[in-house]
Amino acid sequence: MDLSTKYDPTKVEDKWYQYWMDHKFFHAKPNPDKEPYSIVIPPPNVTGVLHMGHMLNNTIQDILIRKARMEGKEACWVPGTDHASIATEAKVVKMLREQGIKKSDLSRDEFLKHAWEWTDKYGGIILEQLKKLGASCDWDRTAFTLDDGYYKGVIRVFVDLYKKGYIYRGLRMVNWDVEAKTAVSNEEVIYNENGEVSKLYSVKYQIQGEDEHVVIATQRPETILGDTAIAVNPKDERFKHLIGKKALVPFINREIPIIGDDYVELDFGTGCLKVTPAHDPNDYEIGIRHGLEIIDTINDDGTLNEKCELPKYVGMERFKARKEIIKDLDEAGLLVGEEEFTTRIGRSERTNTVIEPKLSLQWFIKMKEVSRKAHQVVMDDEIVLYPSKFKNTYNHWMENVRDWCISRQLWWGQRIPAFYFGTREDDFVVAETPEEALTLAQEKSGNPNLKAEDLNQDPDVLDTWASSWLFPLAVFDGFNNEYYDQEKGKIISGKNADLDYFYPTDALVTAPEILFFWVARMIIAGYEYKGDKPFKNVYLTGIVRDKQRRKMSKQLGNSPDPLDLIKEYGADGVRTGMLFSSPAGNDLLFDIKLVEQGKKFSNKIWNAMRLVKGWEIDDSITVDNSKAINWFESRFNQALAEIEDHFSKFRMSDALQSMYKLVWDEFCSWYLEMAKPDYGKPVDRKTYDKTVEFFELVLRLAHPFMPFITEEIWHILKERSEKDCVIIAPWPTAGDFDNQIIEDANLAFEVISQIRNIRASKGISPNETLAELFLKCENPAKYQQFESAIKKLANVAEIKTTQDKVEGAAGFIVKSDEFFLPMEEDINVEEEIEKVKKELEYAKGFKTSVDKKLSNERFVNNAPPAVVEKERQKLADAEAKIKVLEENLQSLTK
RNA sequence: GGGGUAUUAGCUCAGUUGGUUUAGAGCGCUUGCUUGACAGGCAAGAGGUCACUGGUUCGAAUCCAGUAUAUCCCACCA
């Protein structure tokens, strides 16, 4: 077989992905004979393209799912995409604008048609990209949060929560565009980065019944007529005495209370704040805290209305009114100052007019009660967060949970199923279909003649998270009529085979920034609708940053294209590269060097395969490699136990590193070097079979991390039947290991290193065979069991024991055993003395530190006996070594 | 402003109930190798007052308090 010295992933990856697909290895279905293992993907935005964050995230999920599959579990990874209402709508609007079409010129249906065309065209891209990474998702189950069934589920949940009393209509500040006369989302409000220059005016307010006044600072004097309080900080000595008194609104002399609120900063403005709950989000909050009246003095078109009480201003545009009021205040002697001031002013992306904060009726979910269980289960570790530090964050958020505003002023998404039939605030009904709505409306209005055309459905759609919070339930079709009890508002157990089998899922792998937006809410929905958690473990990945710690983003242009990376380094290289540096929950500083390291690792395994494939087998010979074989077996089991431990704690990077070290150092550098036949000689059957067996173990261990190359080598190593693939080969189980042989081997390896060291320092080529190695110690058998390894790897012809020191030899010490390598040329005595002195110094220092501990009575009395025993052993070893070193020094100096 | 997390080798990080740690790994660096699997490789080596100051303890990189610095989340200035 002609095998290149370099592994070429481009020839391999697509081939095996197709092979796995053709054999349906990714597909999972309920199987009573197998344990389930399931993961639902955090659905990427349907318009998104794969970025480095996805790469990390999905690599981790794929590793978990592949390992579970090999462990014999029914492994199900459900892929999907999110309709991402804001992001997608923004993209579609932008695309239309480029074609000269304005959203405002389109009907809702026309706009949605464009949006669907866009989705159909670009929506599949990101999933195709995941395949290049090797993601072994069950593609037959691909979900989309705006699919029919999913859409219905979301609406069903809205109606149910409304019936249960969790959903209400409430006032909320929205960003109002007075020109377009519409609310705009936060994302559509543009703030000038440097702020805009505005003026801060100081205005006098008379205190009721006193000969005193306060001065407040405001940017928006035109809202003065909507003031319903003056607030001061309760700790402010200057104004403390005023709290509880009343002030008078200029011109109209309406009485307003003076209240104390921590929100007011002592050192900003004048320390007194006018409170206008209808026209400022913070003032609105203060208003709620203090039960203040709300006086809305501004119309939808930005003009002042009759609530401002002064006829002069009614109908006047807000900025004109501002000028007029300033003039009038000045004339009345109430304006005591004005100063320039830089502030953040929001402007509408669409019309560039200054956004007017406006109170409007929006839909909310009451969070306190519905989230109680979700709070508790995380605190009780029934759902475990990795890393656990996020438990604090989660707790803090849950304790201060706010009601969730779920309406969005957009078209792309699930339309709110509320239908209005009148002009009063309460003239609406909530229902899954227009037909049901009509029936309900006829009842509620008492008008049986009400027709379908008389109903107006709410134009807004639901927040994207109000659909994705149902993801783990909806992907298994949980809200289908067949499985859902409408009366109770619960999914029925025992009817939906998928859900009964795969739910709760095993792990969720996602980014910490959506812990509240998504993770917490899925937990809430899971308990509300299924009575159980949606997942058992949550693994929170870090953010992928560049070497300067900047977040990787398209705008900065500091992110490599993942597909280019895969082309250049191979999917396996990229996967391992990403994982090399990704401690859970910590940010990952992406470094192309790590991906290179991943690629080199692929090549290393490839060449190990080339070595073994190159051996010629001779059944007639026997070579005793039993020690090497026993050692590797033990070392493998030890490493596997470590790896399992890492996996159990979601320490993926550590698991990878243990595997990497096992393969490179132990399997390639030590085992294969020990086992390989001398050049030109054949290999014996036993060594060959064992080596192939070990190689297979190693490939199985590496497969979840590096799926493609392991599958390729699996098939080159041996002839196999069609379905004999590493992707479904059993995951190795950890057997016992012999600690003694591992320790002994380490001593032998130390001997080899020391000999190589001497070669290096004396310029003796590794090719040059050294005639003899003498060994002076009490128990030479310890080393002799690895005699053939030492001979082969250190290139010495013979190993002999001795009772005495050997003259004219380079010496070294392992533990307290002495070794001598006779040298042809003269030994540089000075150098040897220096070397021994240095070692002696270290050994003595070490002994001193141990002495200090052992001579401390309190240590000996208080420390656990095992610890004291260990210290005694350390002392004895150190003393033995010092003795040998001193003898050496003596014989060198005589 | 509120809360979280971190600070260990030039860089990125381990160090898992305080004791085999006068501290480990990878990368980088230095030196030497056409070593018949691999130069995408092999071998050897240098490199650290564990941010600082106190405290608890027989014993602290590890626990506690404070200081400094960095970083993230939330709220944001009338």
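Residues numbered from 1 in each chain as written. Chains lettered and ligands numbered in written order. Predicted model: local features only at pLDDT ≥ 70, side-chain atom pairs only at ≥ 80, totals over all residues. Heavy atoms only, no water.

Among the 55 residues in the neighbourhood of RNA strand B, the closest are listed as Q219, R651, Y679, G845 and F846. Among the atoms of RNA strand B lying within 4 Å of the protein, the sugar-phosphate backbone contributes 55%. A distance of 2.9 Å is found between a sugar or linking oxygen of RNA strand B and a side-chain nitrogen or oxygen belonging to N603. Considering every element that reaches the surface near RNA strand B, the biggest residue donor is helix α17 (residues 592-613), with 10 residues. Among the residues making up the surface near RNA strand B, the classes are represented as 19 nonpolar, 17 polar and 19 charged. (Near = heavy atom within 4 Å. Polar contact = N/O pair within 3.5 Å; in protein donor to acceptor, adjacent residues only side chain to side chain. Helix = DSSP H or I, 4+ residues; strand = E, 2+ residues; numbered from the N terminus. Nonpolar A, V, L, I, M, F, W, Y, C, P; charged D, E, K, R; others polar.)

Taken together, the side chains of E768, E824, E825 and D826 make up a negatively charged region of the molecular surface. Relative to the elements of secondary structure, E825 occurs in the loop between β35 (817-822) and α25 (829-854). Classification of E825 as partly exposed rests on a relative accessible area of 45%. (Patch = residues over 30% accessible without salt bridge, like charges linked within 9 Å, V, L, I, M, F, W, Y side chains within 5 Å. Areas by Shrake-Rupley, 256 points an atom, 1.4 Å probe, with all protein chains shown as cover. Salt bridge = Lys/Arg side-chain N within 4 Å of Asp/Glu carboxyl O. Lys, Arg positive; Asp, Glu negative; His and termini not counted. Charge placed at Lys NZ, Arg CZ, Asp CG, Glu CD. Buried < 20%, exposed > 50% of the residue type's maximum accessible area, 1.4 Å probe, protein only.)

This next bit is on the sheet that holds strand β17 (residues 384-386). In a beta sheet, neighbouring strands pair by backbone hydrogen bonds and run either parallel or antiparallel. One open sheet holds the three strands; their spatial order is β17-β27-β26, and the pairing between them is parallel. Sheet topology places β17 and β26 (505-510) at the edges, where each strand pairs with a single neighbour. Ignoring strand direction, the axes of neighbouring strands in this sheet form an average angle of 20°. Pairing geometry for β26 and strand β27 (residues 535-540), over five bridges, is parallel. Its bridge partner lying in β27, T505 is registered against F535. Seen against the sheet, helix α2 (residues 52-70) touches β26 and β27 and runs at an angle of roughly 160° to β26. (Pairing = 2+ DSSP bridges. Axes fitted to C-alpha atoms, helices over the stretch in contact; angles between N-to-C directions. Contact = heavy atoms within 4.5 Å.)

Before going further, it helps to spend a moment on the packing of helix α10 (residues 390-399) against helix α15 (residues 515-530). When two helices pack together, their arrangement is given by the angle between their axes and by how far apart the axes lie. Between α10 and α15, the shortest axis-to-axis distance is 12 Å and the interhelical angle comes to 75°. The angle between α10 and α15 falls in the class roughly perpendicular. Where α10 abuts α15, its residues F390, T393, Y394, W397 and M398 lie against L515, F516, A520, I523 and I524. Looking at the contact of α10 with α15, its residues break down into nine nonpolar, one polar and no charged. (Parallel < 35°, antiparallel > 145°, perpendicular 65-115°, else oblique.)

What follows covers α15. Across the 16 residues of α15, 14 count as buried, placing the element largely inside the fold. Just past α15, the residue G531 takes up positive phi, approximately 70°.

Turning to the pattern of salt bridges, a few remarks are in order. One pass over the structure, following the stated rule, counts 65 salt bridges. In this structure, R318 and E317 form a salt bridge, with 4.0 Å as the shortest nitrogen-oxygen distance. A salt bridge links E832 to K762; its shortest N-O distance comes to 3.7 Å. You can see E832 sitting in helix α25 and its partner K762 sitting in helix α22 (residues 739-762), a full 70 residues away along the chain. Several salt bridges converge on common partners, so that one network encompasses R220, E222, E317, R318, R322 and E356.

In this section: unusual backbone geometry. Among all residues except glycine, the phi angle is most often negative; among peptide bonds, the trans geometry is most common. Here the residue pair Y386 and P387 is connected by a cis peptide bond, since its omega of -5° sits within 30 degrees of zero. With an omega of 0°, the peptide bond running from Y503 to P504 counts as cis. Its location among the elements puts P504 in the loop between α14 (497-502) and β26. Positioned with a positive phi, F251 is a non-glycine residue whose angle comes to about 70°. Looking at the secondary structure, you find F251 in the loop between β11 (246-248) and β12 (255-260). Since its relative accessible area comes to 31%, F251 is described here as partly exposed.

Each regular strand shows side chains that alternate between the opposite faces of the sheet. With six bridges connecting them, strand β8 (residues 196-207) and strand β9 (residues 213-218) associate as antiparallel partners. By the bridge assignment, Y205 is partnered in β9 with V214. The hairpin turn running from β8 into β9, its antiparallel successor, is five residues long, and G209 in that turn takes a positive phi close to 70°.

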